[in-house]
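# A closer look at the structure
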Amino acid sequence: ILKIQAAMVLGFKLVKRDLVWRERNTFLCAMSNLELYLDLLSQPCRAIYIFVKLNEIPFSFHEVCIFKGGHLTGEFVKVNPMRKVPALKDGNFTLIESTSMLLYLVRKYKTPDHWYPSDIQKRSRVDEYLAWQHTNTRYYGCKVFWNKCMTPTLVGHEAEPEKINRCVAEFKIILTHIETLFLKDQLFLTGDEISVADLVAIVEIMQVVASGVTVFEDFPKLDAWKNRVKEAIGSDLFKEAHESVVNIKEQHLDSMPLEMKTFFKSKLLKYAY
C-alpha cells in the first residue's frame, strides 16, 4: 500500500510540474517576438528547429537558403553580420551562435529540466559535450560532408577515394569517443534523459549519413542511442527536420549559381588536406 501511495504522490508531482511548466510557457509564448533565421540543410539550424518545435515555442520562421546566397543579402546581414545561419532575433536582441541560442531558449522559456539540468554536475556534463563537439563531431563531420557530398558540385568531380576514406576513418574515431567518453552505459550522452547535447550530436552525425556514409552499423550502442533520440524527438519531427539534408542530392546543386560555387569553394578548402 505504501508503495502504491508513493507512486501516486510521485505521479501527482510530475503532473503538477508539467502543468506549471505549460502555464509558464503559455504566458511567455504569448509575449514572444522570437524570429529564427534558418536553413535546415544546416546542422545547428536543425537543432534549434527541433528544440523550439518540441517545446512548443512559437516563432517566426525566416528561411535563409545558403546555396542561393540568402545569407549574403543585406537584410540578413543586418541580423547577423557574420553571414551565417542560424540567427536569432527576439525584439531588439540578437544571437549569432547556435549553442548560445539553445541555452537562451532554455532559460527564457523555462523548458523541462532535462534539456539543461539545474543540477550543477549534470549541467556541466552538457557543457562539456557542447564545448568538445565544436572541434570534434562538428569539424570531422563537416569534413566528410564537404569532401564527399559537395566536392562534385563545387569542383566538377568526385573527391579522391583515399581522401574520403581518411575522412570517414577520422570521423569513426570521433564516434568511438562519443560512445566511450560520453554515452558509456547511459541512455543518452549526459545521463538517462535527453538533453541539448543529444540534439547537437545527432544533427551533426546525420549530416554524415546524408552524405551517403553508413556510420551506425559499426557502432551498435550509438545506433540504439540514435533510436532513443529519435523516439524522444518524435519520428515525424525528426523526419521533417532532416528531410532536406537526406535528400540533398535532389536539391539541384548543379544549378547553383557560379558566384555561389566560387564562394563555397573556399569553405571546401577549409576541409582539404
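Computed from a predicted model, the values in this text were never measured in an experiment.

### Examining the overall build of the protein chain
Scanning the protein chain from terminus to terminus reveals 11 helices and four strands. Buried residues in the protein chain amount to 47% of all 273 residues. Pairs at least 24 apart in sequence give 72% of the contacts found in the protein chain among residues at least 6 apart. Total accessible area on the protein chain is roughly 14,500 Å²; 55% of this is exposed by carbon and sulfur atoms.

### Observations regarding the layout of surface pockets
In this structure, the largest pocket occupies an estimated 940 Å³ of space. The wall of the largest pocket is formed by 37 residues, among which Pro44, Lys84, Val85, Arg138 and Lys267 lie closest to the centre. Elements represented by at least two residues in the lining of the largest pocket include exactly helix H2 (43–54), helix H4 (98–108), helix H6 (137–155), helix H8 (196–210) and helix H11 (258–270). Here the residues of the lining of the largest pocket sort into 20 nonpolar, 10 polar and seven charged.

### As for the sheet that holds strand E3 (residues 87–90)
Reading across from one edge, E2-E1-E3-E4 is the order of the four strands in this open sheet, with mixed pairing throughout. The open sheet has two edge strands, strand E2 (60–63) and strand E4 (93–95), and neither has a second partner. Taken pair by pair, the neighbouring strands of this sheet meet at an average axis angle of 20 degrees, ignoring direction. In the packing of H2 onto the sheet, the strands contacted are strand E1 (34–38) and E2, and the crossing angle to E1 comes to about 145 degrees. Contacts from H4 reach E1, E3 and E4, with the element oriented near 35 degrees to E3.

### Quick word on the side chain of Thr153
Within the fold, Thr153 resides in helix H6. Those residues in contact with Thr153 that lie beyond four places of it in its chain are Leu253, Asp254, Met256 and Lys261.

What counts as what
Residues numbered from 1 in each chain as written. Predicted model: local features only at pLDDT ≥ 70, side-chain atom pairs only at ≥ 80, totals over all residues. Heavy atoms only, no water. Helix = DSSP H or I, 4+ residues; strand = E, 2+ residues; numbered from the N terminus. Buried < 20%, exposed > 50% of the residue type's maximum accessible area, 1.4 Å probe, protein only. Contact = heavy atoms within 4.5 Å. Areas by Shrake-Rupley, 256 points an atom, 1.4 Å probe, with all protein chains shown as cover. 1 Å grid on protein atoms, 1.4 Å probe; cavity = no way out; pocket = protein on both sides within 12 Å on 5 of 7 lines; lining within 4 Å. Points joined across faces, edges and corners; volume = space filled by probe spheres on them. Nonpolar A, V, L, I, M, F, W, Y, C, P; charged D, E, K, R; others polar. Pairing = 2+ DSSP bridges. Axes fitted to C-alpha atoms, helices over the stretch in contact; angles between N-to-C directions.

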